[in-house]
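Geometric and topological summary
Chain by chain, the residues run as shown.
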Amino acid sequence: MRYVVGVDIGATKTRVGLFKLDGELLKVVTATTPQEGSDEVVAHTVISQIFKLVSDPYREIAAIGVGTVGPIDIRRGDVVGAPNVRLKTFRLKAPIEEVMRVKTYVVNDCVAAVWGEYIVGAGRGFSNVVYVTLSTGIGCGVVVDDHLLLGKDGNAHEVGHVVIDCSGRFVCGCGSIGHWEGIASGANIPRTAATLAREWGGPDTEAYRKALEGSMTSEELFQYRSRSDVFADYLVNFLAEINAAGVASVVNIYDPEILSLGGSIALRNPGFIEVIARKTPKYTVNRMPKIVLTPLGENAVLIGAAAIALNTPLNLVKLQGS
Ligand SMILES: [Zn+2]
C-alpha cells in the first residue's frame, strides 16, 4: 500500500495526515508547533509524526505535501520570518527530504488550501477559485484560469495586509497601519475590541468591560453576542464590515467564480459568514462570486497539502522539482 502525507503547519499546531492515493484521508496526528530550537526542529516534528502514522514510511510514502504558515522561500521550501511563530525562520523541504527520502513540496498554507478546494472541495469544476482564511491571521490562496498563483517567493496574495482603514487607529502585527488582518484577525481582535471600547458611548455591558481590559478573544466575543450583549453585537458588525471590505477587495482583484472561507473564526461562526457575504456586494465592482464556508472544514490545509503532493501544479514542479 502506498500513501501520501499532507502536513498543516500552523502557528500553534502541526497536523499530519495520511491519505490514500485516491485522496481519502485515513488518519491525522497532531503535535505542538515548536517555538524554539534549531532551524530543523519543525521538520523533525513533522518527521516524527509521520513515523506515528505508518510503520515503514520508506516503503509506504509516495510523496509529502506541506502547507505552512508563511512567508516562505518557495525555491528552498523554507519558512522565513513568520510573524506568528517565535522561531520565525525554519527549514522544511531539505531536512524532510533528507530523512524521508521522498519528494516533498512546501507551499504557503492558504495556497495549499485553495488547491484542495480546486481539486476536491468547493472549487471543483471551477477555473477561478479563491480561499480566504479568517483565523489567527488572514490569508488567501488563488487559482485563476486553472492556474495556481505562487509569486516570486511563493507569497503571492498576502491579502491580510490590504489596507481597509485609513483612520490610523489600528496597527497590524507587521507594523503598518489599517491592514485587514491588523483589525479582524484572531490575533488582533482583542486590540480592536479595546480600541472600539474606548470610543464606545453606549451602555456599560459585560463585553464592553472585557474589551476595555484588552482581553476579548474572538471566541468570547461571539459568546457575548449570542447572549445579546449590545457592545458585542456592535463589535461583530464592525468586524463583519471590515471582512466584507477585505473579501470585496479580493473579488475585485481576482474575479473568482467561487470564494470559500475557512479558518477557525469562519468555521466556528457560520452565521458570521452569511453577514459578511451580505455586506460584500456594496464594495465590489466585479460580478459577485458564490461565497461559501469551506466544505473541507478544519482539514482544508491538510487536504490541500495532500492535493499538492498528489496533483502537483506544474509551476510548483518547476520551482521544487519532480
Ligand atoms: Zn499588516
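Structure's up top.
My aim in this report is to walk through the structure given alongside it, one point at a time. (Residues numbered from 1 in each chain as written. Predicted model: local features only at pLDDT ≥ 70, side-chain atom pairs only at ≥ 80, totals over all residues. Heavy atoms only, no water.)

Examining the overall build of the chain
Each helix and strand counted, the chain has 13 helices and 13 strands in total. Seen through its C-alpha atoms, the chain measures out along the principal axes to roughly 65 × 45 × 35 Å. Within the chain, the fraction of its 322 residues that count as buried is 57%. Contacts spanning at least 24 positions in sequence make up 63% of the contacts within the chain whose residues lie at least 6 apart. Of the side chains in the chain, 31 bear a positive and 33 a negative charge, and the two mean positions are spaced by 2 Å. (Helix = DSSP H or I, 4+ residues; strand = E, 2+ residues; numbered from the N terminus. Buried < 20%, exposed > 50% of the residue type's maximum accessible area, 1.4 Å probe, protein only. Contact = heavy atoms within 4.5 Å. Lys, Arg positive; Asp, Glu negative; His and termini not counted. Charge placed at Lys NZ, Arg CZ, Asp CG, Glu CD.)

A look at the sheet that holds strand E4 (residues 61-68)
Read from one edge to the other, the open sheet built from five strands follows the order E3-E2-E1-E4-E8, with strand pairing classed as mixed. Each edge of the open sheet carries a strand with a single partner, namely strand E3 (25-32) and strand E8 (104-108). In this sheet, neighbouring strand axes are inclined to one another by 15° on average, regardless of whether the strands run parallel or antiparallel. The pairing of strand E1 (residues 3-9) with strand E2 (residues 13-20) spans seven bridges and is classified as antiparallel. (Pairing = 2+ DSSP bridges. Axes fitted to C-alpha atoms, helices over the stretch in contact; angles between N-to-C directions.)

Some details on the packing of aromatic side chains
Aromatic ring pairs are reported here in terms of the distance separating the ring centres and the angle at which the planes meet. Per the stated rule, a full pass over the model turns up eight aromatic pairs. Summarising the aromatic geometry, the rings of Trp200 and Tyr234 are spaced 5.3 Å apart at their centres and angled 35° between planes, so their arrangement reads as tilted. One end of the pair, Trp200, is in the loop between helix H6 (189-199) and helix H7 (206-213); the other, Tyr234, is in helix H9 (residues 230-254), and 34 residues separate them in sequence. Geometrically, the ring pair formed by Phe231 and Tyr234 is tilted, given 6.3 Å between the ring centres and 45° between the ring planes. (Phe/Tyr/Trp six-rings, centres within 6.5 Å; stacked < 30°, edge-to-face > 60°.)

Section: a negative patch on the surface
Among the surface-exposed residues, Asp145, Asp146, Asp255 and Glu257 lie close enough to one another that they form a single negatively charged patch. Looking at the element boundaries, Glu257 is found in the loop between H9 and strand E12 (258-262). Under the relative-accessibility criterion, Glu257 is labelled partly exposed at 33%. (Patch = residues over 30% accessible without salt bridge, like charges linked within 9 Å, V, L, I, M, F, W, Y side chains within 5 Å. Areas by Shrake-Rupley, 256 points an atom, 1.4 Å probe, with all protein chains shown as cover. Salt bridge = Lys/Arg side-chain N within 4 Å of Asp/Glu carboxyl O.)

Overview of the nonpolar core
Soluble globular proteins tend to pack their nonpolar side chains together in the buried interior. Grouped together as the largest cluster of nonpolar side chains are 62 residues, with contacts concentrated most on Ile61 and Ile64. Looking at this core element by element, the count peaks at nine residues for helix H12 (residues 300-310). Viewed by domain, this core spans two of them, domain 1 (3-115 + 299-320) and domain 2 (125-295), each represented by three or more residues. Apart from the residues within four sequence positions on either side, Ile64 is in contact with Val5, Val7, Ile50, Ile96, Met100, Val102, Lys103, Thr104, Tyr105 and Ala309. By size, the runner-up hydrophobic cluster in this structure holds 46 residues, among which are Tyr208, Tyr224, Phe272 and Ile291. (Core = buried A, V, L, I, M, F, W, Y, C linked by side-chain atoms within 4.5 Å. Domains from an automatic or database assignment.)

Remarks on the coordination of the zinc ion
By definition of the ideal shapes, a tetrahedral metal site with four donors has angles of 109.5 degrees and an octahedral site with six donors has angles of 90 or 180 degrees. Here the zinc ion is held by the protein donor atoms His161 (ND1), Cys172 (SG), Cys174 (SG) and His179 (ND1), which lie 2.0 to 2.3 Å from it. Around the zinc ion, the four donor atoms are arranged such that angles at the metal cover 100 to 121°; this shape is classified as tetrahedral. You can call His179 buried: its relative accessible area is 9%. (Donors = N, O, S within 2.8 Å, 3.2 Å for Na, K, Ca; no water. Tetrahedral: all angles 85-135°; square planar, octahedral: opposite > 155°, others 65-115°.)

Section: the environment of Val129
When you line up the elements, Val129 lands in strand E9 (residues 129-134). In this structure the C-alpha to C-alpha distance between Val129 and Val162, which are 33 residues apart in sequence, comes to 19 Å. Residues within four places of Val129 in sequence aside, it is in contact with Val114, Glu117, Tyr118, Gly123, Gly141, Val142, Val143, Pro256 and Ile258.

A closer look at the environment of Leu26
Inspection of the secondary structure puts Leu26 in strand E3. For Leu26, a relative accessible area of 39% translates into the label partly exposed. Apart from the residues lying within four places of it in its own chain, the contact partners of Leu26 are Tyr3, Leu18 and Lys20.

Everything listed is a geometric property; what it means functionally is a separate question.
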